[in-house]
Amino acid sequence: MVEFGRVLTAMVTPFNEEGGVDYEAAGKLARRLVENGSDGVVVAGTTGESPTLSDEEKLKLFATVVEAIGGRAVVIAGTGSNNTQKSVELTREAEKTGVDGIMAVAPYYNKPPQEGLYRHYRAIAGATSLPVMVYNVPGRTAVNIAPATMARLAEVDNIVALKEAAGDLNQAAEMVRVLPKNFLVYSGDDSMTLPMLAVGAVGVVSVASHLVGRRIAAMINDYLQGAVEKAARAHCELLPLFKTLFLTTNPIMVKAALNLLGVKVGSTRLPLVDATAAELDALKEVLRGVGLL
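Residues numbered from 1 in each chain as written. Predicted model: local features only at pLDDT ≥ 70, side-chain atom pairs only at ≥ 80, totals over all residues. Heavy atoms only, no water.

Trainee: Would you mind going over the packing of aromatic side chains in detail, with residue names and values included?
Mentor: If you walk through the whole model with that rule in mind, you get zero aromatic pairs. Directly above the ring of tyrosine 118 sits arginine 152, whose terminal nitrogen or CZ lies 3.7 Å from the centroid. Sitting above the plane of the tyrosine 135 ring, lysine 163 keeps its charged end 3.9 Å from the centroid. (Phe/Tyr/Trp six-rings, centres within 6.5 Å; stacked < 30°, edge-to-face > 60°. Lys NZ or Arg CZ within 6 Å of the ring centre and 35° of its normal.)

Next up, the structure:
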C-alpha cells in the first residue's frame, strides 16, 4: 500500500525580484515544511502557480525539491493540464527527476465528459510507474469528477489517491463509500479536513500547513486517536486562518503571509497580483490571532 502521509503541503513556488523561479528558496522552503509538520509536498500544483510555470521550470523544481528533502519526505509532482498528451509527456519526464508520485488536476476549461476524464487519467497513469493522485477541484476546472468515475479510475493499479476539493461533504462521503478501503482520499480544503476525516479521509493537501503544519498534524492525530473534542477545538481555532487564506485567489494570501513572517517567497506571477492593503490588514489580524505575529 502506498503511504503519502497525513499532511501534504501544496507548496508555493518562490520567485525572485525579476520574476524568475528562486530554486534555492524552493529547496529551503521544502525543508522548512518538512521540519514543521508536513509529511510531504506537492510541487507545481495550483498553489505553486502551475499555469504560469514552463515545463522546464517545473522539472527543475521537481529535481530541486527531491534533492532538498528526498528520502525524508514525499515529493509529489504536479503534472496535470487540460492537454492529455502534454500531461503524459510531463509525467514521463517528472518520473526521471526522482519524485515519489504524481498529482494531476482535472482538465480545465475544455470541460470533458466523464468518459473523457476517465481516459485522460488512464493515459497519465499508463505513462508512469509512480503512484498517481487525482485532483478534483470543480471551482477551478468547471468540471466535477463523479464518484462513479473515480471508482473506475481506482481499478487502475497505480491510481491510488484523490485530492477532493469540491467543497461537498456528501460527495466526499460518497467517494469514500465507492472507493476501495486502501484508496487514499485527501481533503483539498483546509476548512474541510476535520469533516472529511469523519467520513473516512486520511488527511489533507494543505495550504495553511505553510504556516501551522504542526498544529494541523496534531489536529489530525488527535482525531484519529479519539480525542474528537480536542481536534474540534483546534479546527475552530484555525478556521479564521483557513478562511482568510482564501479571501482572494490562492496563493496570493499564503505568499503574503510567508513574506510577513520572514519566509521570502516573492510575489505572484501575472495574471495574479499582490494582496491589497485591506487584505493584508485582515491577514495580519488573523496571524496575530493564531499566535504567528
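Trainee: Lay out the pattern of salt bridges with the relevant residues and their values.
Mentor: The tally for this structure, following the rule as stated, stands at eight salt bridges. As a salt-bridge pair, glutamate 115 and arginine 119 come within 2.8 Å of each other at their nearest N and O atoms. Of this pair, glutamate 115 and arginine 119 both sit in helix α4 (residues 114-126), four residues apart, which is roughly one turn of that helix. Residue glutamate 174 pairs with arginine 177 through a salt bridge whose shortest N-O separation is 2.8 Å. (Salt bridge = Lys/Arg side-chain N within 4 Å of Asp/Glu carboxyl O. Helix = DSSP H or I, 4+ residues; strand = E, 2+ residues; numbered from the N terminus.)

Trainee: Account for the side chain of threonine 141, naming residues and giving values.
Mentor: As for its placement among the helices and strands, threonine 141 is situated in helix α5 (residues 138-141). Look at threonine 141 and you get buried, because its relative accessible area is 2%. Of note is the side chain of threonine 141, whose polar atom sits 3.0 Å from the backbone oxygen of valine 143. If sequence neighbours within four positions are ignored, threonine 141 has contacts with Val105, Ala106, Pro107, Tyr108 and Tyr109. (Buried < 20%, exposed > 50% of the residue type's maximum accessible area, 1.4 Å probe, protein only. Polar contact = N/O pair within 3.5 Å; in protein donor to acceptor, adjacent residues only side chain to side chain. Contact = heavy atoms within 4.5 Å.)

Trainee: Give a description of the packing of helix α1 (residues 23-35) against helix α2 (residues 55-69) that names residues and reports values.
Mentor: Where α1 contacts α2, the two axes come as close as 9 Å, and the packing angle between them is 45 degrees. Our classification of the angle between α1 and α2 gives oblique. By crossing handedness, the relation of α1 to α2 is classed as right-handed. On α2, the residues touching Tyr23, Ala26, Gly27, Ala30, Arg31 and Val34 of α1 are Glu57, Lys60, Leu61, Thr64, Val65, Ala68 and Ile69. Across the contact of α1 with α2, the residue classes break down as eight nonpolar, two polar and three charged. (Axes fitted to C-alpha atoms, helices over the stretch in contact; angles between N-to-C directions. Parallel < 35°, antiparallel > 145°, perpendicular 65-115°, else oblique. Left-handed = near helix turned anticlockwise from the far one by under 90°. Nonpolar A, V, L, I, M, F, W, Y, C, P; charged D, E, K, R; others polar.)

Trainee: Which residues make up the sheet that holds strand β8 (residues 203-206), and what values do they have?
Mentor: Paired through their backbone hydrogen bonds, the strands of a sheet run either parallel or antiparallel. As summarised here, the arrangement of the eight strands in space is β1-β2-β3-β4-β5-β6-β7-β8, forming a closed barrel in which the pairing is parallel. Each strand axis lies, on average, 25 degrees off the axis of its neighbour in the sheet, ignoring direction. As paired strands, strand β3 (residues 74-78) and strand β4 (residues 101-105) are joined by three bridges and run parallel to one another. Bridge pairing in β4 places glycine 78 opposite methionine 103. (Pairing = 2+ DSSP bridges.)

Trainee: Could you give an account of the pairing of strand β7 (residues 184-187), with specific residues and numbers?
Mentor: In β7, alternate side chains face the same way, and those of Leu184 and Tyr186 on one face and Val185 and Ser187 on the other are all buried. Strand direction decides the pairing type here: strand β6 (residues 159-164) and β7, joined by four bridges, are parallel. Residue alanine 161 lies in a different strand from β7, and its bridge partner there is leucine 184. Of the strand pairs in this sheet, β7 and β8 are connected by two bridges, and their pairing is parallel. Residue pairing across strands places tyrosine 186 opposite glycine 203, the latter belonging to β8.

Trainee: If you had to explain α4 to someone new, which residues and values would you point to?
Mentor: Along its 13 residues, α4 runs 18 Å from first to last C-alpha, staying within 8% of the 18 Å computed at 1.5 Å per residue. Taken together, the buried positions of α4 are Leu117, Tyr118, His120, Tyr121, Ile124 and Ala125. Along the axis of α4, the buried residues cluster in a sector spanning 165 degrees; they form a single face. Of the residues in α4, the exposed ones pointing more than 90 degrees away from the buried face are Arg119 and Gly126. (Expected span 1.5 Å × (residues − 1). Arc of directions from axis to C-beta.)

Trainee: Break down the nonpolar core for me, citing the residues and quoting the values.
Mentor: The tendency in soluble globular proteins is for nonpolar side chains to be buried side by side. Among the nonpolar cores identified, the biggest contains 85 residues, and Ile69, Met150, Ile159, Ile216 and Leu245 are the most heavily contacted of them. Setting aside chain neighbours within four positions, we find isoleucine 216 in contact with Val7, Asp190, Val204, Ser206, Ala208, Ser209, Leu238 and Phe242. Counting residues in each nonpolar core, the second largest holds 18 residues, with Leu8, Tyr135, Val137 and Val202 among its members. (Core = buried A, V, L, I, M, F, W, Y, C linked by side-chain atoms within 4.5 Å.)

Trainee: Kindly report on the side chain of serine 81, identifying the contributing residues and their values.
Mentor: By the element assignment, serine 81 lies in the loop between β3 and α3 (84-95). A relative accessible area of 8% means that serine 81 is categorised as buried. Side-chain polar atoms of serine 81 contact the backbone nitrogen of asparagine 83, separated by 3.1 Å. A polar side-chain atom of serine 81 sits 2.9 Å from a polar atom in the side chain of serine 87.

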